[in-house]
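# Structural overview for review
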Amino acid sequence: MRDLPDRDLGAWLAAQIEEASAAGIAATVSRLIRDGTLGPGTKLPTVRDLAPRLHVGPGTVSAAWRALREQRFVEGGGRAGMRITGTVGGPSPLRYTNITRYWNHDTLNLSRAVPDPALLPDLAKALQHSLTDPLLHSYDVEPISEPLREAVEATWPFPAEAWMCSRGGYDGLLGLISTSVVAGETVAVEEPATPRLLDILDHVGARVLPVPVDDQGPMPEHLAEALTHKPVAFIYEPRNSAWAGATITPERQTVLAGLLESADLIIIEDDGWGPLAPQPYHGVGALLPHKSVLVCSYSKSHSPDLRIGVIGGAADPVERARVYRHFGDGWTSRILQGALAWMLTDPESQAAVSRAAEVYTERRERFAALLRERGLEVRGGDNLALWVPVLSEVQAMLVMASHGIATIGVSSSYARRGTQGVRVVTANDIPELDKVADVIALAAQAI
C-alpha cells in the first residue's frame with residue numbers, strides 16, 4: 001500500500017470508509033493500521049484529496065487526522081502530510097518515555113530525581129497505625145480521609161474550599177487539567193517545565209504558552225504577555241522548581257498576583273517537594289485562594305510507593321477532578337492515606353524528613369562544587385538535581401552513556417526549542433563522585 005500514488009490511495013481508502021464522520025474515518029484508518037493493511041511510513045491522502053471523495057468538508061477529515069495523531073497512529077502534518085507511525089498506537093507520554101529497561105544493570109542512573117530509600121521515614125509503624133482506621137474495608141467513596149485532611153490542613157499555605165487525595169502529584173495534575181482544559185484552549189506554563197506536565201498538556205490538546213522563569217520564578221513581563229492570549233489556566237511551581245530550582249519571593253508573589261487577579265483562569269500550583277522544601281512558600285495561592293489549586297506530592301518526602309498527592313484549593317476545579325476520578329478507582333487507599341497522616345504528625349518521621357533535606361542539600365552542594373572546579377556552570381537551586389549546560393545535548397548524553405552514566409536532556413522541558421543541557425540527579429550517594437564529575441566535564445564539551 002505504501003507504493004501506491006496518493007490519488008489511488010485516496011480512492012481506495014474512501015471506498016473502505018462506511019461512516020463519513022470524523023469518528024468513522026478515524027476508526028476505519030486505525031483498524032487498517034492495527035491489522036497491518038496500512039504499514040509504517042504510508043503517507044495518508046491529503047485533506048483536500050479525501051474530503052470530496054467522502055462528500056464531507058475539509059474540517060471533518062482534519063478532525064479525523066487530529067484524533068489519529070493524538071493516539072500516536074500518525075505523525076506529521078502541513079505540507080509534508082501525515083504518515084503512519086511505526087508504533088501500535090495509543091496515547092503515550094513521549095517526553096517521559098522510560099527507556100531504563102534497555103540499560104545495563106550496572107548503569108549509573110542519574111536521570112530520575114528519586115529519593116534515597118535510606119533517608120525515607122520508617123513505614124512500619126505508620127502502616128500498623130493505619131490498620132486501626134474504623135472505615136477500613138469500606139466502599140464509601142471519600143475524596144480524602146479525615147485524618148489526612150486534618151494533617152495537611154495544619155500546614156496548607158492558604159484556606160482551601162475543597163480537598164482531594166490523588167495517586168501522586170502528576171495524577172492530581174492530570175485530573176485537574178483533563179477537566180479544566182478543552183482541546184485547543186491555551187494554557188500558560190512556566191518554562192522550563194517538567195516533561196511529564198508538558199506530556200499531559202499535549203494529551204489534552206492544550207496550546208502551551210511558555211512563561212520563562214528566573215531565580216525568583218515566572219517573569220512578570222512574560223506572564224503579562226501570555227495573559228493577553230486569554231489562557232484558561234496558569235501552571236507553575238511556587239518553590240524549588242524541578243528543572244530551574246526557582247522559588248517565588250514575596251516581591252515576585254505580589255507582582256504575579258496583581259497580574260493574575262483580574263484574569264479569567266485557574267491557577268494550578270505544583271509542589272513536588274512538600275515537607276522537603278527548604279524554602280518557605282510564597283505562592284500566588286496565598287493571595288488569590290479563590291482561583292488557585294495547590295497539588296502537593298509526598299512521594300519524595302515520605303515514599304514513592306505511598307502514591308499520594310493532596311489537592312486543595314478552589315472548589316470548582318477540585319470538584320471536577322473528583323467527579324472525573326469516578327471513571328476509575330474513585331479513591332486512594334485509606335491504608336496509605338492513614339500511614340501518611342500518621343507520619344505527618346509523628347515526631348520521629350518529621351525528624352527523618354528534616355534530616356533527609358539536610359543530606360540532599362549537602363550532596364547537591366558537594367557535587368556542584370566539583371563541577372564548578374572543572375569550569376562548569378551549574379543550576380538547580382534547592383531540589384534533587386543539577387542542571388549542567390552543554391554544547392550538544394545529544395553528544396553529551398552519548399559520551400556519558402559510553403562511561404556507563406545515564407542522564408536526561410533538558411530540552412524535553414521546553415514546549416519549543418530550549419537550552420542545551422543535561423540534568424544530573426544528586427539525591428543518592430554517588431560512588432566515585434570525582435570520576436563522575438570528570439566524565440560530565442568531558443561530555444559538556446562534546447560536539
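All figures in this text were calculated on a predicted structure; none of them were measured in a lab.

Reading the values: rules and limits
- Residues numbered from 1 in each chain as written.
- Predicted model: local features only at pLDDT ≥ 70, side-chain atom pairs only at ≥ 80, totals over all residues.
- Heavy atoms only, no water.
- Helix = DSSP H or I, 4+ residues; strand = E, 2+ residues; numbered from the N terminus.
- Rg over C-alpha atoms; globule rule 2.2 N^0.38 Å.
- Buried < 20%, exposed > 50% of the residue type's maximum accessible area, 1.4 Å probe, protein only.
- Contact = heavy atoms within 4.5 Å.
- Pairing = 2+ DSSP bridges.
- Axes fitted to C-alpha atoms, helices over the stretch in contact; angles between N-to-C directions.
- 1 Å grid on protein atoms, 1.4 Å probe; cavity = no way out; pocket = protein on both sides within 12 Å on 5 of 7 lines; lining within 4 Å.
- Points joined across faces, edges and corners; volume = space filled by probe spheres on them.
- Nonpolar A, V, L, I, M, F, W, Y, C, P; charged D, E, K, R; others polar.

This part is about the overall build of the protein. Helices and strands together make up the secondary structure of the protein, namely 15 helices and 15 strands. On C-alpha atoms alone, the protein measures out to a radius of gyration of 24 Å, which is about the 22 Å that the 2.2 N^0.38 rule sets for 447 residues. Residue burial in the protein is summarised as follows: out of 447 residues, 51% are buried. Taking the intrachain contacts of the protein between residues at least 6 apart in sequence as the baseline, contacts between residues at least 24 apart amount to 72%.

Bringing the sheet that holds strand β11 (residues 309-313) into the picture now. In spatial order, the strands read β4-β11-β10-β9-β8-β5-β6-β7; together these eight strands make up an open sheet with mixed pairing. Either end of the sheet is taken by a strand with one partner, and the two such strands are β4 (162-166) and β7 (217-218). Both strand β10 (residues 292-297) and β11 contribute to a ladder of five bridges, which runs antiparallel. Looking across to β11, one finds that C296 is bridged to V310. Contacting β4, β9 (266-271), β10 and β11, helix α11 (residues 315-324) runs over the sheet at an angle of about 35° to β4.

Time to look at the layout of surface pockets. Gaps left between atoms are located by rolling a probe of water-molecule size over the structure's atoms. There is about 410 Å³ of room inside the second largest pocket. Taken together, 21 residues make up the lining of the second largest pocket; nearest its centre are T155, G274, P275, Y298 and L344. Broken down by secondary-structure element, the contributors of at least two residues to the lining of the second largest pocket are α6 (146-153), β10, α12 (334-345) and α13 (347-373). Split by residue class, the lining of the second largest pocket holds 13 nonpolar, six polar and two charged.

This part is about the sheet that holds strand β15 (residues 421-425). What the three strands build is an open sheet, ordered β12-β15-β14; its pairing is antiparallel. The open sheet has two edge strands, β12 (385-389) and β14 (408-409), and neither has a second partner. Of the strand pairs in this sheet, β12 and β15 are connected by five bridges, and their pairing is antiparallel. Within β15, the position partnered with A385 by the bridge is V425. Contacts between α13 and the sheet are confined to β12 and β15, with β12 contributing the most and set at about 15° to the helix.

Using the criterion set out here, one finds two cavities of 30 Å³ or more in the structure. As a volume, the second largest cavity reaches approximately 40 Å³. Along the walls of the second largest cavity sit E190, T194, L197, I235, Y236, E237 and D270, which together make up its complete lining. Grouping the amino acids of the lining of the second largest cavity by side-chain chemistry returns three nonpolar, one polar and three charged.

Within β15, five of the five residues are buried, leaving the element largely enclosed by the surrounding structure. Of the two faces of β15, the one holding G421, R423 and V425 and the one holding V422 and V424 are both buried throughout. Relative to β15, β14 is paired through two bridges, and the arrangement is antiparallel. Note on β15: the bridge partner recorded for I408 is R423.

Attention shifts here to the side chain of T407. Following the sequence through the fold, T407 ends up in the loop between β13 (405-406) and β14. For T407, the residues in contact, after removing those within four places along its chain, are L110, S111, M397, M400, V422, R423 and V424.

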